[in-house]
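Each chain is listed here by its residues.
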Amino acid sequence: MVGVVRLSILGSGSRGNCTVISTTRTTVVVDAGFSRREIRRRMAAAGVDGPVHAILLSHEHQDHIQGLRLLAADFAVPVYANFGTRQALGRTAERIARWETFRADGPFTVGDIEVTPVPVPHDAAEPVAFTFRAEGVKLGIITDLGHLTPAVRRAMQGCDGLMAEANHDLEMLKTGPYDWALKQRVLSPVGHLSNDGLAEYLTGEFDGRAACLVLAHLSRQNNLPTLAQLAAERALAYRGYRPRLCVAAQDAPLAPLFF
């Protein structure tokens with residue numbers, strides 16, 4: 001069946017991240033990095049309606065949790081996180097009524113969506129990416145990581161839709177406004193994946209199955225959508241693959257994608 005799984009990227013970047021995955025029966029929100037009001041506004045703009053069943057957290061950084069507490073209360077749904085992320089939230093965690101704890105060594109289900117957390121190398125307590133399976137469709141949200149580990153590369157295989165980090169252009173970062181310490185953080189193995197880092201994967205292990213590839217978590221200061229897209233296009237052309245290529249924005253939702 002085609003078109004029964006919907007991916008709605010409400011925004012992606014260093015100032016906020018939130019994505020919605022939904023089937024005909026289940027809707028999950030992945031991260032809540034904007035205010036409650038802004039998330040609701042973007043959901044309406046993206047045509048996301050009906051009940052929400054869970055909020056999933058990838059890690060505790062502010063651009064992923066800004067609206068978490070109020071959104072969880074509004075929707076009256078559990079927040080799913082691993083132990084490290086919940087502990088790192090400190091007093092914020094104490095103000096959330098319902099928690100579900102997952103482990104990174106196996107999948108769990110929310111309604112008819114199977115969720116598999118994937119440990120990623122990032123400077124947070126216990127960060128994860130996610131893959132999702134529903135209605136015979138596999139989607140991946142692979143962002144906030146300094147490099148692609150073997151486990152992450154395996155998780156990215158077989159995805160029908162893939163949202164992958166292309167955070168920065170190396171030259172823009174090196175010559176840009178960040179101070180040296182912040183540049184080193186971004187470039188570190190637990191920082192953020194560059195355009196070149198993603199392109200290396202696309203020219204190598206990418207299996208070409210994804211009908212759509214979304215470039216995400218672009219830096220406003222150290223990247224341009226045209227640079228990220230060009231790097232991905234060149235890598236895909238090298239392999240002869242032609243997925244639909246999209247760039248997620250920080251300030252507005254991406255048009256919903258259906259699988």
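No experiment lies behind these values; they were computed from the predicted model shown. (Residues numbered from 1 in each chain as written. Predicted model: local features only at pLDDT ≥ 70, side-chain atom pairs only at ≥ 80, totals over all residues. Heavy atoms only, no water.)

Peer 1: An account of the overall build of the protein is requested, with residue identities and associated values reported.
Peer 2: Secondary structure summary: the protein contains 10 helices and 14 strands in total. Since a compact globule built from 259 residues should have a radius of gyration of about 18 Å, the 17 Å found for the protein is in line with a globular shape. Reported as C-alpha extents along the three principal axes, the dimensions of the protein are approximately 45 × 45 × 35 Å. Looking at the protein as a whole, 57% of its 259 residues are labelled buried. Surface exposure of the protein reaches about 11300 Å², of which carbon and sulfur atoms provide 51%. Here the protein holds 27 positive side-chain charges and 26 negative ones, and the gap between their average locations is 4 Å. (Helix = DSSP H or I, 4+ residues; strand = E, 2+ residues; numbered from the N terminus. Rg over C-alpha atoms; globule rule 2.2 N^0.38 Å. Buried < 20%, exposed > 50% of the residue type's maximum accessible area, 1.4 Å probe, protein only. Areas by Shrake-Rupley, 256 points an atom, 1.4 Å probe, with all protein chains shown as cover. Lys, Arg positive; Asp, Glu negative; His and termini not counted. Charge placed at Lys NZ, Arg CZ, Asp CG, Glu CD.)

Peer 1: Provide a residue-level description of the sheet that holds strand S2 (residues 18-22), including the pertinent values.
Peer 2: The 7 strands are arranged S6-S5-S4-S3-S2-S1-S14 in an open sheet whose pairing can be described as mixed. Each of the sheet's edge strands pairs with one partner strand only, and the pair in question is strand S6 (99-101) and strand S14 (257-258). In terms of strand pairing, strand S3 (residues 27-30) meets strand S4 (residues 54-56) through 3 bridges, oriented parallel. Paired with Val 29 across the bridge in S4 is Ile 55. Helix H3 (residues 68-75) rests against S3, S4 and strand S5 (79-81) of the sheet, and its axis sits at about 160° to S4. (Pairing = 2+ DSSP bridges. Contact = heavy atoms within 4.5 Å. Axes fitted to C-alpha atoms, helices over the stretch in contact; angles between N-to-C directions.)

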